[in-house]
Amino acid sequence: MDHFELRGGALHCEGVPLEAIAAAVGTPVYVYSTATMVRHARVMMEAVSGCGSGAPLVAYAVKANPNAAVLKTLGDAGLGADVVSIGEYRRARAARIAAERIVFSGVGKTAEEMGEALAGGLLQFNVESIEEARMLSAVATAQGREAPIGFRINPDVAAGTHAKITTGTADNKFGIPAAEALGAYGEAAGLPGLAVRGITVHIGSQLTSLDPLEQAFERLGELIGALRRQGHSISVADLGGGLGVPHGPGQPEPPSPAAYGTMVRRVTATWDTRLLFEPGRLIVGNAGVLLTRVVRVKPGARDPWLIVDAGMNDLMRPALYDAYHRIEAVRPTGHRSTVNVVGPVCESGDTFTMGREMDEVSEGDLIVFRTAGAYGATLANSYNSRPLTPEVLVDGQRWALVRRRVDVDALAAVQDLAWENPAD
Ligand SMILES: *Cc1c(COP(=O)(O)O)cnc(C)c1O
């Protein structure tokens, strides 16, 4: 459910007409609904309330949408943060998310990143290899601290999603193979800078079936038992993110957060661990749209090309993952037509969809790409010397520009040519 709907024939975000935002800010622009993201945060927290022992923590996966105003909104709504770089860690802290509500994931944490996060405080590092555990132990020892960790297990489960957002098979770089877990925990127990207490898993994104998640959690449960028999104390299990969001009619319908919660409650009933969750897309995906204007309609061999002022640099998901986005006119006429929707970037990959039946629009009209709140603005870049897309947050009747358009002058301003000569 979301808060984008037609009022008086024009698409609104909550109480604000998208036409007003386009007029004030220009296009393309991302528009987010506060009510939608706060609702999703609550639905997720309710779905898992009472799961595990102790209060569960829902740590929002910051990479899905790291805008400062979004993080502040979600932190105030009660979410923690799952971060994958020191930049995300700093953003989470700047949004006043408490240290004990932050987990640090990712396969390539550097010693500098580990050191800063450890000194600043966090709930735990999710460690993805024994090599990383050794480095973290050395960093912690040098600070006279113990780093709380959980190992990320790669359960070798196919997630049934797009290959580029699958993370839990043996062919993915993520986590430690289940067969090597006992060895890793055994070695880590002897490392002086580590406090080993957890286990984690995250198998992929935009999952539309609970089966692979359940399989992964079952394997985690077996491992928890095996680890305890070896004398390890496992008090925290982090079940990752990955729940898909609905993309509209004709697209796979994901399980509800409530159904997910029921499955988790059943599978983890005997674990006796605190549970953590790391949803990203579920919280913000349907809370955002990319608002764009039709630049031109050009005849095509079969269907016309609808050329819009947003490109693959603004919304990479279709080019990266063949992602589907529902496309709607901001002022639909009731007429439909079949078109190819493309951006202005000089790449054939700059194609949002081919042969799509959608609202009929013409040059100058506004349209939206729905479900663009997650992995949208955060993946945007300035390819073709295009500005970085601005972002707007709506809250009821009011709206705020929460990221200005970063134009080509601003991008050029950080470029320089000042030779260094080591011989001097
Ligand atoms: C990306 C990521 C998530 C969030 O995934 P969603 O599909 O957006 O819920 C959670 N945990 C980790 C470790 C991730 O890398």
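Residues numbered from 1 in each chain as written. Predicted model: local features only at pLDDT ≥ 70, side-chain atom pairs only at ≥ 80, totals over all residues. Heavy atoms only, no water.

(A) The arrangement of the site of the ligand in detail. Around the ligand lies a shell of 14 residues, among which Lys63, Ser205, Glu278, Arg281 and Tyr375 are the nearest. A distance of 2.6 Å separates a nitrogen atom of the ligand from a polar side-chain atom of glutamate 278. Glycine 280 is positioned with one of its backbone polar atoms (N or O) 2.9 Å from an oxygen atom of the ligand. Taken by itself the ligand offers 390 Å² of open surface, and the protein chains cover 94% of this. For the shell around the ligand, the residue count by class is three nonpolar, six polar and five charged. (Near = heavy atom within 4 Å. Polar contact = N/O pair within 3.5 Å; in protein donor to acceptor, adjacent residues only side chain to side chain. Areas by Shrake-Rupley, 256 points an atom, 1.4 Å probe, with all protein chains shown as cover. Nonpolar A, V, L, I, M, F, W, Y, C, P; charged D, E, K, R; others polar.)

(B) Representation of helix H6 (residues 130-143) within the structure. Here H6 is 14 residues long and its end C-alpha atoms lie 20 Å apart, about the 20 Å a rise of 1.5 Å per residue gives. The inward-facing, buried residues of H6 contact helix H5 (111-120), strand S8 (124-127), strand S9 (147-154), strand S10 (176-177), helix H7 (181-189) and strand S11 (194-200). Glycine 144 lies just past H6 and shows a positive phi near 70°. (Helix = DSSP H or I, 4+ residues; strand = E, 2+ residues; numbered from the N terminus. Expected span 1.5 Å × (residues − 1). Contact = heavy atoms within 4.5 Å.)

(C) View of the environment of methionine 37. Here methionine 37 shows up in helix H2 (residues 34-47). With 222 residues separating them along the chain, methionine 37 and alanine 259 place their C-alpha atoms 19 Å apart.

(D) Structural view of the domain arrangement of the chain. Here the chain is partitioned into domain 1 (4-32 + 285-413) and domain 2 (34-280). Relative to domain 2, the C-alpha centre of domain 1 lies at a distance of 32 Å. Taken together, the contact pairs 21 residues of domain 1 with 23 residues of domain 2. Of the roughly 2000 Å² buried between domain 1 and domain 2 on both sides combined, carbon and sulfur atoms contribute 54%. Ranking the residues of domain 1 by area buried against domain 2 places Tyr321, Tyr324 and Tyr375 at the top, with a combined share of 28%. Where domain 1 touches domain 2, the interface holds zero salt bridges. The interface formed by domain 1 and domain 2 includes 13 residue pairs in polar contact (both at pLDDT 80 or more). (Domains from an automatic or database assignment. Buried area = accessible area lost by both parts, 1.4 Å probe. Salt bridge = Lys/Arg side-chain N within 4 Å of Asp/Glu carboxyl O.)

(E) Examining unusual backbone geometry more closely. Proline 28 follows threonine 27 through a cis peptide bond whose omega is -5°. For proline 28, the position within the fold is in the loop between helix H1 (18-25) and strand S4 (29-33). Located in the positive-phi region is glutamate 14, a residue other than glycine, with phi close to 50°. Considering the arrangement of structural elements, one finds glutamate 14 in the loop between strand S2 (10-13) and strand S3 (16-17). Judged by relative accessible area, which is 9%, glutamate 14 ranks as buried. Even without being a glycine, aspartate 156 presents a positive backbone phi close to 55°. If you trace the backbone, aspartate 156 turns up in the loop between S9 and S10. (Buried < 20%, exposed > 50% of the residue type's maximum accessible area, 1.4 Å probe, protein only.)

(F) Focus on the packing of H2 against helix H9 (residues 257-267). Running from N to C, H2 and H9 cross one another at 25°; their axes reach a closest spacing of 8 Å. One element, H2, and the other, H9, form an angle in the roughly parallel class. H2 and H9 meet at a crossing whose hand is right-handed. Residues Val43, Met44 and Ala47 of H2 form the contact with H9, whose participating residues are Pro257, Ala258, Tyr260, Gly261 and Arg265. Among the residues making up the contact of H2 with H9, the classes are represented as six nonpolar, one polar and one charged. (Axes fitted to C-alpha atoms, helices over the stretch in contact; angles between N-to-C directions. Parallel < 35°, antiparallel > 145°, perpendicular 65-115°, else oblique. Left-handed = near helix turned anticlockwise from the far one by under 90°.)

(G) Here's a closer look at the pairing of S4. With five of five residues buried, S4 is to be regarded as a mostly interior element. Alternating residues of S4 divide into Val29, Val31 and Ser33 and Tyr30 and Tyr32, and every residue in both groups is buried. When S4 meets strand S14 (residues 288-298), the two strands line up antiparallel, connected through four bridges. Across the sheet, tyrosine 32 pairs through a bridge with glycine 288, a residue of S14. (Pairing = 2+ DSSP bridges.)

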